[in-house]
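Structural features, examined
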Amino acid sequence: MSTYLPHPGATPKCPHCDQRGFVIRPIGERAEAQACECVKTCPKCRDTGWVSTTDDLRGPKGRCDCQHVQRRMRLYAAANIPARHYNSRLANFEIDGPLQMMAVQAGMDFLTRFRPGEPTRGLVFHGNVGRGKTHLLCALVGELILEHGVSARFVEFSHLVADLKVAFERKSGAADVLEQLVGVDVLAIDELGKGRNTEFEGTVVDEVVSRRYNANTPLLGTTNYTPGVASGFANANLARPQATAPMLSDRLGERVYSRIKEMCDFVPVKGEDFRQRSTRAARRPR
Ligand SMILES: [Zn+2]
Ligand SMILES: [Zn+2]
């Protein structure tokens, strides 16, 4: 797959964009890709978007590289990455132990393995809150789009359910919402299993996961729940002994869980809770 793609109209060695022609910024609730100020009229196509692919000027034309850069920017705009993760990359993930190192490695392996249109095993990062699972997920979505030109979409589990619920209640648009989630090269679902665990949620997730399963298209995800044999306790709010804590399969149902298990490797992300750690570091006397 292609990787670094300079914009022909960007300034070489631009300190803001490294000649990519765009910068990523947090705007409102989303991370956005914006054209860098250094971009001038494209010297290859004069902003027509087309270049000759042979020496014959009347011969066949191909898309200019500047168009490929713009396509990546459009894909990034559609990816829905939250603003707080605009700068989340695999390279700046804070490694705090061998499991976290392995989680980053699993992400890098996925990027190397993945080819659009070919079946590729996805990943589900699991572990307690505050371990950086969403950072890893957003990093993968961003890198798939910006470095590899692949369409990818980030969606938080409870938002996915809420969007579809609104669409179903309006009796219009549900097919479009589903199509966006099913048609994208890589779908990344944050917080799998989080929610009220209603029948509607189960049906919606089943639909999305089944269709991706049948189309052989990869899924990435995170969850605070543990993969493994169902405990039979789906309700996270009931007090119970540790041994009967709800597992991911309890939350998603056996059918969805077993499909995800077939499609994805479960990757533990453990280590010190970095939210607590940054609070402690902030309090530490100087
Ligand atoms: Zn620039
Ligand atoms: Zn051009």
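Provided above is the structure to which this section pertains.
Residue numbers run consecutively from 1 along every chain, following the written order of its sequence. All chains are assigned letters beginning with A, and all ligands numbers beginning with 1, in the order in which they are written. Local features in this predicted model are restricted to residues whose pLDDT is 70 or higher, and side-chain atom pairs enter the listing and the counts only when it is 80 or higher, whereas totals over whole chains, interfaces and linings include all residues. By convention in this description, side-chain values take in all heavy atoms of the structure and omit both hydrogens and water.

**Section: the coordination of the zinc ion (ligand 1)**
When a metal holds four donors in a tetrahedron, each ideal angle between them is 109.5 degrees; when it holds six in an octahedron, the ideal angles are 90 or 180 degrees. Distances from the zinc ion (ligand 1) to its protein donors, Cys 14 (SG), Cys 17 (SG), Cys 36 (SG) and Cys 38 (SG), fall at 2.3 Å. Each metal's donors are the N, O and S atoms within 2.8 Å of it, or within 3.2 Å when it is Na, K or Ca, and because water is not part of the set, sites may look incomplete. Geometry is assigned from donor-metal-donor angles: four donors are tetrahedral when every angle falls between 85 and 135 degrees, four are square planar and six octahedral when opposite donors sit over 155 degrees apart with all other angles between 65 and 115, and any other arrangement is irregular. Each of the four donor atoms around the zinc ion (ligand 1) contributes to a set of angles spanning 108 to 113 degrees, which defines the coordination as tetrahedral. Mapped onto the sequence, the residues coordinating the zinc ion (ligand 1) show the spacing C-x2-C-x18-C-x1-C. Of this pair, Cys 17 sits in the segment before strand E1 (22–27) while Cys 38 sits in the loop between strand E2 (30–35) and strand E3 (50–52), and the two are 21 residues apart along the sequence. Numbering of helices and strands starts at the N terminus; helices are DSSP runs of H or I of at least 4 residues and strands are runs of E of at least 2.

**Quick look at the sheet that holds strand E6 (residues 152–156)**
Strand pairing within a sheet occurs via backbone hydrogen bonds; the two strands may be parallel or antiparallel. Taken together, five strands build an open sheet; the order of strands is E6-E7-E8-E5-E9 and the sheet is parallel. Each edge of the sheet is formed by a strand with only one pairing partner; in this case those strands are E6 and strand E9 (264–268). Averaged over all neighbouring strand pairs, the angle between strand axes comes to 15 degrees, with direction disregarded. When DSSP locates at least two bridges between a pair of strands, those strands are taken to pair. Here E6 runs beside strand E7 (residues 186–190); their pairing, made up of five bridges, is parallel. Its bridge partner being in E7, Glu 156 is matched across the sheet by Asp 190. Running at roughly 90 degrees to E9, helix H8 (residues 254–263) makes contact with strand E5 (122–126), strand E8 (219–223) and E9 of the sheet. Orientation is described by axes fitted as lines to C-alpha atoms, over the contacting stretch for helices, and by angles from 0 to 180 degrees between their N-to-C directions. Contact definition: two residues touch when any of their heavy atoms are within 4.5 Å.

**With respect to the packing of helix H4 (residues 157–170) against helix H6 (residues 199–215)**
Following both chains from N to C, one finds H4 and H6 inclined at 100 degrees, their axes separated by 10 Å at the closest point. By the criterion of interaxial angle, the relationship of H4 to H6 is roughly perpendicular. Contacts between H4 and H6 pair Phe 157, Leu 160, Val 161, Leu 164, Lys 165 and Phe 168 from the former with Phe 200, Glu 201, Val 204 and Val 205 from the latter. Broken down by class, the residue content of the contact of H4 with H6 amounts to eight nonpolar, no polar and two charged. Each angle gets one of four labels, with under 35 degrees taken as roughly parallel, over 145 as roughly antiparallel, 65 to 115 as roughly perpendicular, and the rest as oblique. When residues are grouped by polarity, Ala, Val, Leu, Ile, Met, Phe, Trp, Tyr, Cys and Pro land in nonpolar, Asp, Glu, Lys and Arg in charged, and all others, Gly among them, in polar.

**Regarding the coordination of the zinc ion (ligand 2)**
Protein coordination at the zinc ion (ligand 2): the donors are Cys 42 (SG), Cys 45 (SG), Cys 64 (SG) and Cys 66 (SG), at 2.2 to 2.3 Å from the metal. Spacing between the donor residues of the zinc ion (ligand 2) along the chain follows C-x2-C-x18-C-x1-C. The classification of residues rests on relative accessible area computed with a 1.4 Å probe and restricted to protein chains. Under 20% of the type maximum is buried, over 50% is exposed, and intermediate values are partly exposed. A residue is classified by how much of its surface remains accessible, and Cys 66, at 3% relative accessible area, is buried.

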